[in-house]
Number of protein chains: 2
Amino acid sequence: MLYLVGLGLADETDITVKGLEIVKKAERVYLEAYTSILLVDTAKLEEFYGRPVIVADREMVESSSDEILQNADKVDVAFLVVGDPFGYVNTSHHTTLTLRVGSGFSTNDIMISIYRATTHTDLVLRARELGIEMRNIPNASIMSAIGCTGLQLYSFGQTVSMVFFTETWKPSSYYDRIKQNAEHGLHTLVLLDIKVKEQSLENMARGRKIYEPPRYMTVAQCAEQMLETEAERKEGICGPESLAIGAARVGAVDQQLVVGTLEELTKVDLGKPLHSLVLLGTKTHELERDYIRRFAVDTATFDNIWKKHYEAKS
Amino acid sequence: MLYLVGLGLADETDITVKGLEIVKKAERVYLEAYTSILLVDTAKLEEFYGRPVIVADREMVESSSDEILQNADKVDVAFLVVGDPFGYVNTSHHTTLTLRVGSGFSTNDIMISIYRATTHTDLVLRARELGIEMRNIPNASIMSAIGCTGLQLYSFGQTVSMVFFTETWKPSSYYDRIKQNAEHGLHTLVLLDIKVKEQSLENMARGRKIYEPPRYMTVAQCAEQMLETEAERKEGICGPESLAIGAARVGAVDQQLVVGTLEELTKVDLGKPLHSLVLLGTKTHELERDYIRRFAVDTATFDNIWKKHYEAKS
């Protein structure tokens, strides 16, 4: 049996009791280590599980899936995924291969996006081919845990990813999707880029297995980039007065929430990763306001902006 | 400290290790028992936790929140919620007070919807007023666990609820929201009605605490109601050839997925609760097709409908 086991969001104790039993008994245990990060390191996991864990980077899962699945028709193999196995913790789930076609604002960013998340789907599809049974042990994912902001999950539209902008690459397709949500007053969860074991384009082209140091986008960087896109697109989707919630380390003891305008959030330091951001829609409930108000960077500004752009707009 | 502890979706072992520690040590433990159901009963939970659990129905949480929070500034109180504390497992989160204004198809269903989910928000807001600290222990929610269908969570729009239709009350506001999602090719998660400890309107009006037997909407009933609304609205949003996935008991050992047209799904029996449904958007990925195809009621029909309405439509 192949078990896909969700680890939850923060530390080693976020695994479910059911998941832990499976991990303890499995013949081999792999830790998926490229679409997301847990807030603790592998050694701590191994100590907690009382057994060794094989770290599976992207290369391994993509090129050695048969190795991972070996004998899984006879023995139990556990594949651990931070967050929910099908929920994805956070991140750019794209590789960085992007072509820019045209010039100026009317260009299209054609993203050759290999959704990393589909790698798990690939693994399951391969298991099926081999006649291996699979079971899924769900766990918390940022996509539902973001409800801790006090915003109604029913009022969220599609989730988007924000990748690190470079001098020459500032993809704004996320802006269109936020706009689609905003048209109906919906909130947007923005998942922030994680660069773990990434190669530079040059190293990738030359086939050199040299990896960049890990980078995690902060709420401030995300707010900055959103304002940058707004300054180009000028459609009033995520401007300096748009309210957003920055969330850091959701589910951890030091979880932190901060509410402010995007302008304010560019100056906020939420500390260690992982960060996420929610751009508020106008379809708000007064209970949502009451709940988030206490996290305001500046309450007077919050009240002012709320009255101006959000109150009774739904 | 007030702990909001998520229990996950299926059975007593879906609690996280962190959550279980809190439950074992807390002075008092309440089980929220009205927005959702776990697939096991309270006695089994008590046995697993090795301690008594107080079942908190809606009345209790709404009228006796101060009792629940008593001394929580000094001792630990755990409030257990099926799924994620802020994620909501499933359901109508509405009470059934609905006014129909006008007549015919142009009427508006004015739903005086008291989002039950906000009851947790209320509890937290009340705790704040009393100066009680709160911590949230996230867990799996249907809103992310639905990723087990193999559909990309990024391609989901807003989630909707389907309530039980009656002879005189067939609210179709969900149809408008599905339409908004469909415009952008997005999938829609439909959460199905749960009636637990509900009063009939008559008993409610007369203040009689007599409760109806629990009812859980099935995938077949949901598909039926969607076709009924489509027959009225005729906008081609959820017709007999629309593809959908029925999901039953997500996260449980006997989890079941079935893919078919809404027409086909009206005839499918997915067994015990809880059920959910996903209406497919046209923005699909071929990996999604490969993944869901094996759950098809009829593969030939699936291939045919896919080619006709979904392939290369995104």
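Keep in mind that what you see is a predicted model, and the values were worked out from it rather than measured.

(A) Up close: the packing of helix α7 (residues 173-183) of chain A against helix α9 (residues 219-233) of chain A. Residues and elements named next belong to chain A. Running from N to C, α7 and α9 point in directions that differ by 85°, and their axes come no closer than 10 Å. One finds that α7 runs roughly perpendicular with respect to α9. Two secondary-structure elements touch here, α7 through Tyr174, Tyr175, Asp176 and Ile178 and α9 through Gln225, Met226, Thr229, Glu230 and Arg233. The residue inventory of the contact of α7 with α9, partitioned by class, reads four nonpolar, two polar and three charged.

(B) Focus on the UniProt feature "binding site: S-adenosyl-L-methionine" (unreviewed entry) in chain A. The sites that UniProt annotates as "binding site: S-adenosyl-L-methionine" (unreviewed entry) are A:Leu9, A:Asp84, A:Gly87, A:Ser141, A:Ile142, A:Leu192, A:Val250 and A:His275. A:Leu9 gets classed as buried once you look at its relative accessible area, which sits at 10%.

(C) Focus on the interface of chain A and chain B. Taken together, the contact between chain A and chain B spans 60 residues of the former and 59 residues of the latter. Each partner contributes to the roughly 5000 Å² buried at the junction of chain A and chain B, and carbon and sulfur atoms together form 59% of this total. Summed over the shared surface of chain A and chain B, the result is four salt bridges. The partner of A:Asp11 in a salt bridge is B:Lys18, and the shortest N-O contact between them spans 3.2 Å. Linking chain A with chain B are 17 residue pairs in polar contact (both at pLDDT 80 or more). For the side of chain A that touches chain B, the elements supplying multiple residues, two or more each, are α1 (17-25), α5 (118-129), β7 (134-137), α6 (142-145), β8 (160-162), α7 and α11 (286-293) of chain A.

(D) Focus on the sheet that holds strand β8 (residues 160-162) of chain B. Residue and element names in this part refer to chain B. The five strands lie next to each other as β8-β9-β14-β12-β13, forming an open sheet whose pairing is mixed. Both edges of this open sheet fall to β8 and β13 (256-261), since each of them pairs with a single strand only. Going from strand to strand, the sheet's axes swing by 25° on average, the running direction of each strand aside. Relative to strand β9 (residues 188-192), β8 is paired through three bridges, and the arrangement is parallel. The partner of Ser161 across the bridge, within β9, is Leu191. Across the sheet, helix α7 (residues 173-183) is in contact with β8, β9 and β14 (275-279); its angle to β8 comes to roughly 145°.

(E) Looking closely at the packing of aromatic side chains. The final tally for this structure, using the stated rule, is 10 aromatic pairs over all chains. Ring centres of A:Phe86 and B:Tyr291 lie 6.1 Å apart, and the angle between their planes is 70°; on these two criteria the pair is classed as edge-to-face. One end of the pair, A:Phe86, is in the loop between β4 (77-81) and β5 (98-101); the other, B:Tyr291, is in helix α11 (residues 286-293), on a second chain. With respect to class, A:Phe86 is no different from B:Tyr291; both count as buried. Summarising the aromatic geometry, the rings of A:Tyr291 and A:Phe295 are spaced 6.4 Å apart at their centres and angled 55° between planes, so their arrangement reads as tilted. Both residues of the pair, A:Tyr291 and A:Phe295, belong to the buried class. Its end group placed over the ring of A:Phe164, A:Arg215 keeps NZ or CZ at 4.1 Å from the ring centre.

(F) Highlighting the side chain of B:Glu288. All names here are of chain B. Structurally, Glu288 can be placed in helix α11. Buried and unpaired, Glu288 has Lys283 as its nearest opposite-charge partner, separated by 9.1 Å. Only 3.4 Å separates the side chain of Glu288 from the side chain of His187, close enough to count as a polar contact. Leave out the neighbours within four places in its chain, and Glu288 touches Gly150, Leu151, Gln152, His187 and Lys283.

Rules used throughout
- Every chain is numbered on its own, with residues counted from 1 as its sequence reads.
- To read the labels, note that chains go from A and ligands from 1, taken in the order they are written.
- Reporting of local features is limited, given that this is a predicted model, to residues whose pLDDT is at least 70; pairs of side-chain atoms are given and counted only at 80 or more, and all residues count toward the totals for whole chains, interfaces and linings.
- Excluded from the side-chain calculation are hydrogens and water; included are all heavy atoms of the structure.
- A fitted line through C-alpha atoms serves as each axis, taken over the contacting stretch for helices, and the angle formed by two N-to-C directions is quoted from 0 to 180°.
- Strands are runs of DSSP state E lasting at least two residues, helices are runs of H or I lasting at least four, and both sets are numbered from the N terminus onward.
- For classification purposes, angles smaller than 35 degrees are called roughly parallel, those larger than 145 roughly antiparallel, those between 65 and 115 roughly perpendicular, and all remaining angles oblique.
- Residue contacts are counted whenever heavy atoms from the two residues lie within 4.5 Å of one another.
- Residue type decides the class: Asp, Glu, Lys and Arg count as charged, Ala, Val, Leu, Ile, Met, Phe, Trp, Tyr, Cys and Pro as nonpolar, and the leftover types, Gly among them, as polar.
- UniProt positions are given in the numbering used here, feature names are shortened, and annotations may be inferred rather than shown by experiment.
- The cut-offs for exposure are 20% and 50% of the maximum accessible area for each residue type, with area from a 1.4 Å probe on protein chains only; residues under the lower value are buried, those over the upper are exposed, and the others partly exposed.
- When two parts are put together, the accessible area they lose, computed with a 1.4 Å probe and summed over both, is reported as buried area.
- Here a salt bridge means any side-chain nitrogen of Lys or Arg lying within 4 Å of a carboxyl oxygen belonging to Asp or Glu.
- Residues adjacent in sequence count toward polar contacts only when both atoms are side-chain atoms; beyond that, a polar contact is any pair of N or O atoms within 3.5 Å, and within protein one must be able to donate a hydrogen and the other to accept it.
- The rule for pairing is simple: two strands pair if DSSP sees at least two bridges between them.
- Paired rings are identified among Phe, Tyr and Trp, the last through its six-membered ring, by centres lying within 6.5 Å, and are further divided according to the angle between planes into stacked (under 30 degrees), edge-to-face (over 60) and tilted (the rest).
- Only when the NZ of Lys or the CZ of Arg is both within 6 Å of the ring centre and within 35 degrees of the ring normal is a charge said to sit over the ring.
- All tallies of charge rest on Lys and Arg as positive and Asp and Glu as negative; His and the ends of each chain are not included.

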